[in-house]
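Given next are the chains, with one letter for each unit.
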Amino acid sequence: EESQDVFWTLEASLEILARMPQHRASLVVAANALQMLGRLDESHRVLTKASLLPNATADLHIHLGNLCQDLNRSEEAREQYQIGLDIEPDSIPALKNLSQLHLAAGKVIDAGAMLDRVLRLDRDPVAVLLNATMLPPLVKNLQDLESSRENVLNNLNELKATGFQLNLEHHVIPTLFYAAYH
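Residues numbered from 1 in each chain as written. Predicted model: local features only at pLDDT ≥ 70, side-chain atom pairs only at ≥ 80, totals over all residues. Heavy atoms only, no water.

> Explain the pattern of salt bridges here, please?
When their charged atoms lie close together, side chains carrying opposite charge are able to pair. Within the structure shown, the criterion is met by four salt bridges. For arginine 39, the salt bridge is made with glutamate 42, and the minimal N-O distance between the two is 2.7 Å. For glutamate 42, a relative accessible area of 30% translates into the label partly exposed. Overlapping salt bridges bring together Asp41, Arg73 and Glu76 as one network. (Salt bridge = Lys/Arg side-chain N within 4 Å of Asp/Glu carboxyl O. Buried < 20%, exposed > 50% of the residue type's maximum accessible area, 1.4 Å probe, protein only.)

> Just to check I follow, could you spell out the packing of helix α2 (residues 24-36) against helix α3 (residues 40-51) for this structure?
For any two helices packed against each other, the geometry is given by the interaxial angle and the distance between the axes. Contact geometry of α2 with α3 gives a least axis separation of 8 Å together with a crossing angle of 165 degrees. By the criterion of interaxial angle, the relationship of α2 to α3 is roughly antiparallel. For α2 against α3, the interelement crossing comes out left-handed. In this structure, α2 contributes Arg24, Leu27, Val28, Ala30, Ala31, Leu34 and Gln35 to the contact, and α3 contributes Leu40, Glu42, Ser43, Val46, Leu47, Lys49 and Ala50. A class-by-class count of the residues in the contact of α2 with α3 yields nine nonpolar, two polar and three charged. (Axes fitted to C-alpha atoms, helices over the stretch in contact; angles between N-to-C directions. Helix = DSSP H or I, 4+ residues; strand = E, 2+ residues; numbered from the N terminus. Parallel < 35°, antiparallel > 145°, perpendicular 65-115°, else oblique. Left-handed = near helix turned anticlockwise from the far one by under 90°. Contact = heavy atoms within 4.5 Å. Nonpolar A, V, L, I, M, F, W, Y, C, P; charged D, E, K, R; others polar.)

> Even after reading the chapter, I still don't get the nonpolar core, so can you show me in this structure?
In summary, soluble globular proteins display a tendency toward joint burial of nonpolar side chains. Counting residues in each nonpolar core, the largest one holds 28 residues, and the members touching the most others are Leu27, Val46, Tyr81 and Leu85. Among the elements of the structure, α1 (2-19), α2, α3, α4 (58-70), α5 (74-87), α6 (92-104) and α7 (108-121) are those that each provide at least two residues to this core. (Core = buried A, V, L, I, M, F, W, Y, C linked by side-chain atoms within 4.5 Å.)

> Which parts of the structure should I look at to understand the side chain of histidine 44?
Considering the arrangement of structural elements, one finds histidine 44 in helix α3. Given a relative accessible area of 10%, histidine 44 falls into the buried group. Only 3.1 Å separates the side chain of histidine 44 from the side chain of arginine 73, close enough to count as a polar contact. The residues touching histidine 44, leaving out its near neighbours within four places in the chain, are Leu64, Leu67, Cys68, Leu71, Arg73 and Glu76. (Polar contact = N/O pair within 3.5 Å; in protein donor to acceptor, adjacent residues only side chain to side chain.)

The following block contains the structure:
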């Protein structure tokens, strides 16, 4: 029944697009339906078309970046997340996704900078954990090392005080985080 709904949604959006080929919302709906049907390359083509229309949102570029990651197109994903940040400089999803891509590429300093920005904007528990466990302290001298260590411990103690418990069914965590703990 759910797949019938997806087909109906796709059909309805295609009918609108037949009359208004530049209708961004219908392009996005069609791309989402194609993605749900596992037709990722077609979804990518349609979502790319939507992203090229004037006034595309940061969220649309982030969505396209996520789709690019599903298609193992890391460089294109990075470009889409960067466009999202250019549109909305404090976009938490763009920063998190860019940090994950930088970490996967071994660009630890860039990943750390992105996670630091996330932590300044939003005390996201997963970002706190990633910052504390995945990134080595990026320091210039021993004094900076101690300061970095204290900062990480303070962040973790804040998190502990909230009673936060990581539930892998409810929190999206980058694959490298899973790999480090399994």
